[in-house]
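This is what each chain is made of:
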Amino acid sequence: MFAAERRQLILEMVRANGAVSLRELARVVQTSEVTVRRDVRALEAEGLLDRRHGGAVLPGGFTRESGFPQKSHLATAEKTAVADLAAGLVEEGEAIVVGAGTTTQELARRLARVPGLTVVTNSLLVAQALAHANRVEVVMTGGTLRGSNYALVGSGAEQSLQGLRVSKAFLSGSGLTAERGLSTSNMLAASVDRALVQAAAEVVVLADHTKLGADTMFQTVPTDLITRLVTDEPPGHDDRAATELQALADQGVQIAVAGGPGGAPGPGNAGGEAGPGRQQRRDVPVPGPRRQVPGAGPGLRAAAALGDQGGGAEQRSRVADLRRR
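Below or above, wherever it landed, is the structure these notes cover. Within any chain, residue numbers begin from 1 and follow the written order of that chain's sequence. Residue-level local features of this predicted model are given only where pLDDT is at least 70; pairs of side-chain atoms are given and counted only at 80 or more, and the full residue set underlies all totals for whole chains, interfaces and linings. Only heavy atoms go into the side-chain values, all of them from the structure, while hydrogens and water stay out.

Focus on the overall build of the protein chain
Right, so step 1: What the protein chain contains, in helices and strands, is eleven helices and 16 strands.
Right, so step 2: A buried classification covers 50% of the 325 residues belonging to the protein chain.
Right, so step 3: For the protein chain, long-range pairs separated by at least 24 residues make up 65% of all intrachain contacts whose partners lie at least 6 apart in sequence.
Right, so step 4: Only carbon and sulfur atoms are counted for the fraction: they give 50% of the accessible area of the protein chain, which is about 14,400 Å². Strands here mean DSSP runs of E at least two residues long; helices mean DSSP runs of H or I at least four residues long; both are numbered from the N terminus. Buried, partly exposed and exposed residues are distinguished by accessible area as a fraction of the type maximum, computed with a 1.4 Å probe on protein chains only: under 20%, between the cut-offs, and over 50%, respectively. In what follows, residue pairs with any heavy atoms lying within 4.5 Å of each other are defined as contacts. Using a 1.4 Å probe, accessible areas were evaluated by the Shrake-Rupley method; residue-level cover was limited to the displayed protein chains.

Looking at the side chain of Ser183
Right, so step 1: Inspection of the secondary structure assignment puts Ser183 in strand S11 (residues 181-184).
Right, so step 2: Not counting the four nearest positions on each side in its chain, Ser183 is found in contact with Gly173, Ser174, Gly175, Ala214, Asp215, Thr216, Phe218, Gln219 and Thr220.

Details of helix H9 (residues 187-198)
Right, so step 1: Under the convention used throughout, the expected extent of a helix is 1.5 Å for every residue step, that is, one less than its residue count. Along its twelve residues, H9 runs 17 Å from first to last C-alpha, staying within 8% of the 16 Å computed at 1.5 Å per residue.
Right, so step 2: Within H9, nine of the twelve residues are buried, which leaves it mostly tucked inside the rest of the structure.
Right, so step 3: All of the buried residues along H9 are Leu188, Ala189, Ala190, Ser191, Val192, Asp193, Ala195, Leu196 and Val197.

Details of the pattern of salt bridges
Right, so step 1: Criterion for a salt bridge: a side-chain nitrogen of Lys or Arg within 4 Å of a carboxyl oxygen of Asp or Glu. Taken as a whole and assessed by the stated rule, the structure comprises ten salt bridges.
Right, so step 2: One salt bridge connects Asp39 with Arg7, and the closest N-O pair in it is separated by 2.9 Å. Of this pair, Asp39 sits in helix H3 (residues 33-45) while Arg7 sits in helix H1 (residues 3-17), placing them 32 residues apart in sequence.
Right, so step 3: Residue Asp39 is classed as buried on the basis of its relative accessible area of 0%.
Right, so step 4: Residue class for Arg7 comes out partly exposed when judged on its relative accessible area of 23%.
Right, so step 5: The closest approach of N and O atoms between Glu12 and Arg146, which form a salt bridge, is 2.9 Å. Note that Glu12 is positioned in helix H1 and Arg146 in strand S7 (residues 144-146), a separation of 134 residues in sequence.
Right, so step 6: Under the relative-accessibility criterion, Arg146 is labelled buried at 6%.
Right, so step 7: It is possible to trace a salt-bridge network through shared partners that takes in Asp84, Glu106, Arg109 and Arg110.

Section: the sheet that holds strand S3 (residues 55-57)
Neighbouring strands of a sheet are bound in pairs by backbone hydrogen bonds; such pairs are parallel or else antiparallel.
Right, so step 1: Whether two strands pair comes down to DSSP finding at least two bridges between them. Ordered in space as S1-S3-S2, the three strands form an open sheet in which the pairing is antiparallel. The outermost strands of the open sheet, each flanked by one partner alone, are strand S1 (19-21) and strand S2 (50-52). The sheet shows a mean angle of 25° between the axes of neighbouring strands, taken without regard to direction.
Right, so step 2: Across three bridges, S1 lies against S3 in antiparallel orientation. Along S3, the bridge assignment pairs Ala19 with Val57.
Right, so step 3: Lying over the sheet, helix H2 (residues 22-29) contacts S1 and S3, oriented at roughly 80° with respect to S1. Under this scheme, a helix contributes an axis fitted over its contacting stretch, all axes are lines through C-alpha atoms, and angles between N-to-C directions fall in the 0 to 180 degree range.

Quick look at H2
Right, so step 1: Taken together, the buried positions of H2 are occupied by Leu22, Leu25, Ala26 and Val29. The buried residues of H2 all sit within an arc of 100° when viewed along its axis, so they share a single face. Structural note: H2 exposes Arg23 and Arg27 on the side pointing more than 90 degrees away from its buried face.
Right, so step 2: In the stretch just after H2, Gln30 is the one whose phi turns positive, near 60°. An arc is given here, and it is the one of the directions from the helix axis to the C-beta atoms.

What about unusual backbone geometry?
Right, so step 1: At Arg135, a position not held by glycine, the phi torsion is positive, near 60°.
Right, so step 2: The residue Arg135 is located in the loop between helix H7 (124-130) and strand S6 (136-140) in this model.
Right, so step 3: Positive phi, close to 55°, is recorded for Tyr150, a residue that is not glycine.

Considerations on the pairing of strand S9 (residues 166-171)
Right, so step 1: Most of S9 sits out of view: five of its six residues are buried.
Right, so step 2: Relative to S9, strand S4 (residues 95-98) is paired through three bridges, and the arrangement is parallel. Looking at the pairing, Val97 lines up with Ala169 of S9.
Right, so step 3: Bridging between S9 and strand S12 (residues 200-206) involves five bridges; their strand directions are parallel. In the strand pairing of S12, Phe170 is matched with Val204.

A word on the pairing of strand S15 (residues 254-259)
Right, so step 1: Within S15, six of the six residues are buried, which leaves it mostly tucked inside the rest of the structure.
Right, so step 2: Across five bridges, the pairing between strand S14 (residues 228-232) and S15 is parallel. Bridge pairing in S15 places Asp232 opposite Ala258.

Re the side chain of Thr104
Right, so step 1: Following the sequence through the fold, Thr104 ends up in helix H6 (residues 102-111).
Right, so step 2: For the purposes of these results, a polar contact is taken to be a pair of N or O atoms within 3.5 Å, where, inside protein, one atom must be able to donate a hydrogen and its partner to accept one; residues adjacent in sequence count only when each atom of the pair is a side-chain atom. Separated by 2.9 Å, the side chain of Thr104 and the backbone oxygen of Gly101 make a polar contact.
Right, so step 3: Those residues in contact with Thr104, other than ones at most four positions away along the chain, are Val98, Gly99, Val126, Phe170, Leu171, Ser172 and Leu206.

Regarding the sheet that holds strand S10 (residues 175-177)
Right, so step 1: Pairing is antiparallel in the open sheet, where three strands are placed in the order S10-S11-S13. The open sheet terminates on both sides in strands that have one partner only, identified here as S10 and strand S13 (218-221). Neighbour-to-neighbour, the strand axes of the sheet open up by a mean angle of 40°, direction not taken into account.
Right, so step 2: The pairing of S10 with S11 spans three bridges and is classified as antiparallel. When the sheet's bridge partners are listed, Leu176 is paired in S11 with Leu182.
Right, so step 3: Across the face of the sheet, H9 comes into contact with S11 and S13 while running at roughly 20° to S13.

In structure tokens form, the structure reads like this:
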């Protein structure tokens, strides 16, 4: 087991139990107490846990990561709206990667109807959603199973993605800010998501409004590498989400907002044809070409602006409209 994998497992045990002895940690990670003590010391230096005599405990400000059963019941309507809109970005015959998460699982259920699709994923839930789809090929990464979200992580997963090239990567996470981009609370999950990003020409982030403005431990995708954000319309009182949308748009991220049934019409729906269950979309155009980041993976191309390329004033007014709502 690599040091990073060992330390991530130690972190997960401490978060799950609150406090764990060095002896128990050594038994689970199958190494000596001397090595575990060194790992615990390194994790404490990063502020991820606190050492105690003969063991490790949670630091004061950190809480346990929610598992799949808890996450699957959070913001279900919002995730459905985001998945419905994101599915429209996938074309027949494309090759894409889809990361792990409850929102990407919802997306996968809708991708089952796209013929000729090839989906590369490290998520057992995504693969299960596509298992019986006609004319959809599913390619699984290797790796070690992380039971809390049914995802394959670790060096095996990352190595299996080397040399891969696809058109789009669809990822979700625990938080999204304009300052740091997409982030997650798990180190191994973040590392695999970064490998998925390197394999794609465009990066599409799926994040409902509850994740906007939230910043978690490990950065997955910096803002400069996010081509498009697909989100739902934040409620009128959610200033934090609206502020982040504005900041993300200012940095050149294309934003597609899924409107709820009966909401205000967006582009392509000028007649106000919103009815029960009808999904709407409002795109916020990018004011100019995306800038490239030194050291970014080969083939990552600048995103083209959506719709009218007519400058920042119109874009800011559209995002400002979200804040008024």
